[in-house]
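Chain and residue survey
One letter stands for each residue in the lines below.
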Number of protein chains: 2
Amino acid sequence: MTALDICLLQWGTYNRRMQKVMDSIKDENFNKPTVPGGNSPSWLLGHLADTDDKLLELFGIGNRLHPELEKIYHHEPGTNQNNHLSKMELTTKWKEIVGELDQAFKAMSESEWLARHTTVTEEDFKKEPHRNKLNVLLSRITHKASHLGQIAMQTK
Amino acid sequence: MTALDICLLQWGTYNRRMQKVMDSIKDENFNKPTVPGGNSPSWLLGHLADTDDKLLELFGIGNRLHPELEKIYHHEPGTNQNNHLSKMELTTKWKEIVGELDQAFKAMSESEWLARHTTVTEEDFKKEPHRNKLNVLLSRITHKASHLGQIAMQTK
């Protein structure tokens, strides 16, 4: 058991939690804002799927699978509440993304995790060696935890 | 830069975010539920401070500093909304707790992080070696991210 194993366990834990939210959320709540003027679970989960899909390119694994997610679940308030995927379509696409990531992660050594990701230059990485793939992974897990915490409030 | 360093960086990042929330939250919002029937930032931040304080005993560092937090910020709905500390008192106590933890963390080796915490027995740990201190730390960071995400919704 290494520190890296523990990080990957957390990644799995939060993906299982996201899956559980997708499985258990009621259809009538899926498109309802969690607070007045806030985002709906539909947007939040789409945004999380988009963020996960981007990891494929950020980590240099390959092309992202669903670039259309970025266009649907963008950050402009008002215009990003339409044309969302159905819960089933989103779940299918997200599962495919996580499957692709998990397969790549299994083959990555600790030194690969601690190497730079594709948006930091070699030169910058010398000065800021924390800008590695593992740091991005942990940031994505906490980002997911934060948004799943928001969805959990809807049922209060 | 090791995987453990990256985990500790995330711990620091989320403590800075919690500090920023404590510094920036308006007094009139501090005791206001984030959603109808939900928890207030006062309760959520008190609960996070209580959770951090418990790490001192869970990691075998020493006695917790503020056992009174557990009595104030407990989980019984209704009766746990009273007698909260002021924002300034809570901030002072939480800073003290994090200071104590950070000092201990600086001296901990990777093998200490990967050793069992105090609530798992030696026998169980042989079967479940992931029940180590680092795993608890990462769970506490995501727990903090989740509740800070909830507080962030109040201003929407």
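Residues numbered from 1 in each chain as written. Chains lettered and ligands numbered in written order. Predicted model: local features only at pLDDT ≥ 70, side-chain atom pairs only at ≥ 80, totals over all residues. Heavy atoms only, no water.

Residues and elements named next belong to chain A. Tracing the backbone through its elements, the reader meets Asn80 in the loop between α4 (68-72) and α5 (87-106). For Asn80, the side chain forms a polar contact with the main-chain oxygen of His74, separated by 2.6 Å. A distance of 2.8 Å separates polar atoms of two side chains, one belonging to Asn80 and the other to Gln81. What Asn80 contacts, discounting residues up to four positions off in sequence, is Trp43, Ile72, His74 and His75. (Helix = DSSP H or I, 4+ residues; strand = E, 2+ residues; numbered from the N terminus. Polar contact = N/O pair within 3.5 Å; in protein donor to acceptor, adjacent residues only side chain to side chain. Contact = heavy atoms within 4.5 Å.)

Turning to the interface of chain B and chain A, a few remarks are in order. Accessible area lost when the parts come together is the quantity often used to give the size of an interface. Tallying the contact residues gives 30 residues for chain B and 30 residues for chain A. Note on chain B versus chain A: buried area summed over both sides is about 2,500 Å², and carbon and sulfur give 71% of it. By the criterion of area lost to chain A, the three top residues of chain B are Ile6, Thr142 and Met153 of chain B, representing 22% of everything that side buries. Of all elements in the fold, only α1 (3-24) and α8 (133-152) of chain B reach the threshold of two or more residues within the side of chain B that touches chain A. When residues in the side of chain B that touches chain A are grouped by element, the largest group, eleven residues, is from α8 of chain B. (Buried area = accessible area lost by both parts, 1.4 Å probe.)

All right, on to the relation of the copies chain B and chain A then. Note on the copies: chain B fits chain A at an RMSD of 0.0 Å, the axial shift is 0.0 Å, and the rotation between them is 180 degrees. Taken together, the rotation and translation describe the operation of a two-fold axis. By C-alpha distance to the rotation axis, the residue of chain B lying nearest is Ser146 of chain B, at 2.0 Å. Comparing contact sets, 100% of the residues at the interface of chain B also lie at the interface in chain A, consistent with an isologous, same-surface contact. (Least-squares fit on C-alpha atoms with pLDDT ≥ 70 in both.)

All names here are of chain A. Over its 21 residues, helix α8 (residues 133-153) extends 31 Å from the first C-alpha to the last, a length consistent with the 30 Å expected when each residue adds 1.5 Å. In terms of burial, α8 is largely enclosed, as 17 of its 21 residues are buried. N-cap assignment for α8: the residue whose side-chain oxygen lies 3.3 Å from the backbone N of Leu134 is Asn132. (Expected span 1.5 Å × (residues − 1). Buried < 20%, exposed > 50% of the residue type's maximum accessible area, 1.4 Å probe, protein only.)

A separate point is the state of the cysteines. Tallying each qualifying case throughout the model produces zero disulfides over all chains. The closest cysteine sulfur to the non-disulfide-bonded Cys7 of chain A is located on Cys7 of chain B, 3.5 Å from its own sulfur. (Disulfide = S-S within 2.5 Å.)

Moving on, we come to empty space enclosed by the protein. Taken as a whole and assessed by the stated rule, the structure comprises one cavity of 30 Å³ or more. Space inside the largest cavity adds up to approximately 60 Å³. What lines the largest cavity is Gln10, Leu138, Ile141 and Thr142 of chain A together with Gln10, Leu138, Ile141 and Thr142 of chain B. Those elements giving two or more residues to the lining of the largest cavity turn out to be α8 of chain A together with α8 of chain B. Looking at the lining of the largest cavity residue by residue, the class counts come to four nonpolar, four polar and no charged. (1 Å grid on protein atoms, 1.4 Å probe; cavity = no way out; pocket = protein on both sides within 12 Å on 5 of 7 lines; lining within 4 Å. Points joined across faces, edges and corners; volume = space filled by probe spheres on them. Nonpolar A, V, L, I, M, F, W, Y, C, P; charged D, E, K, R; others polar.)

What follows is about the packing of helix α3 (residues 41-58) of chain B against helix α5 (residues 87-106) of chain B. All names here are of chain B. In contact at an axis separation of 9 Å, α3 and α5 are set at 30 degrees when each is read in the N-to-C sense. By the angle between their directions, the pair α3 and α5 is classed as roughly parallel. Classified by chirality, the crossing of α5 by α3 is left-handed. Where α3 approaches α5, its residues Ser42, Leu45, Gly46, Ala49, Asp52, Asp53, Leu55 and Leu56 are matched on the opposing element by Leu90, Trp94, Ile97, Val98, Glu100 and Leu101. Its residues assigned to classes, the contact of α3 with α5 shows nine nonpolar, two polar and three charged. (Axes fitted to C-alpha atoms, helices over the stretch in contact; angles between N-to-C directions. Parallel < 35°, antiparallel > 145°, perpendicular 65-115°, else oblique. Left-handed = near helix turned anticlockwise from the far one by under 90°.)

Our focus in this paragraph is the packing of aromatic side chains. Residues and elements named next belong to chain B. For the structure shown, the criterion picks out eight aromatic pairs over all chains. A ring pair is formed by Phe59 and Phe105, whose centres lie 6.1 Å apart and whose planes are at 45 degrees; its orientation type is tilted. Taken as a pair, Phe59 in the loop between α3 and α4 (68-72) and Phe105 in helix α5 lie far apart in primary sequence, 46 residues in all. Ring geometry for Phe59 against Trp113: centres 5.7 Å apart, planes inclined by 85 degrees, an arrangement best described as edge-to-face. Here the residue Phe59 occupies a position in the loop between α3 and α4, and Trp113 occupies one in helix α6 (residues 110-113), the gap between them amounting to 54 residues. (Phe/Tyr/Trp six-rings, centres within 6.5 Å; stacked < 30°, edge-to-face > 60°.)

In this section: the nonpolar core. Within the largest apolar cluster, 82 residues are counted, with the highest numbers of intra-cluster contacts made by Leu45, Leu90 and Leu134 of chain A together with Leu45, Leu90 and Leu134 of chain B. Those residues within four positions of Leu45 of chain A in sequence are excluded, and the remaining contacts are Met18, Val21, Met22, Phe30, Leu90, Leu148 and Ile151 of chain A. (Core = buried A, V, L, I, M, F, W, Y, C linked by side-chain atoms within 4.5 Å.)

Our focus in this paragraph is the packing of helix α1 (residues 3-24) of chain A against α8 of chain A. The relative placement of two packed helices comes down to the angle between their axes together with the axis-to-axis distance. Residue and element names in this part refer to chain A. Close contact between α1 and α8 brings their axes to 10 Å; oriented N to C, the two are set at 30 degrees. Here α8 runs roughly parallel to α1, going by the angle between their axes. In terms of crossing hand, the pair formed by α1 and α8 is left-handed. Counted together, Leu4, Cys7, Leu8, Gln10, Trp11, Tyr14, Asn15, Arg17, Met18 and Val21 of α1 and Leu134, Leu137, Leu138, Ile141, Lys144, Ala145, Leu148 and Ile151 of α8 form the full contact between these two elements. A class-by-class count of the residues in the contact of α1 with α8 yields 14 nonpolar, two polar and two charged.

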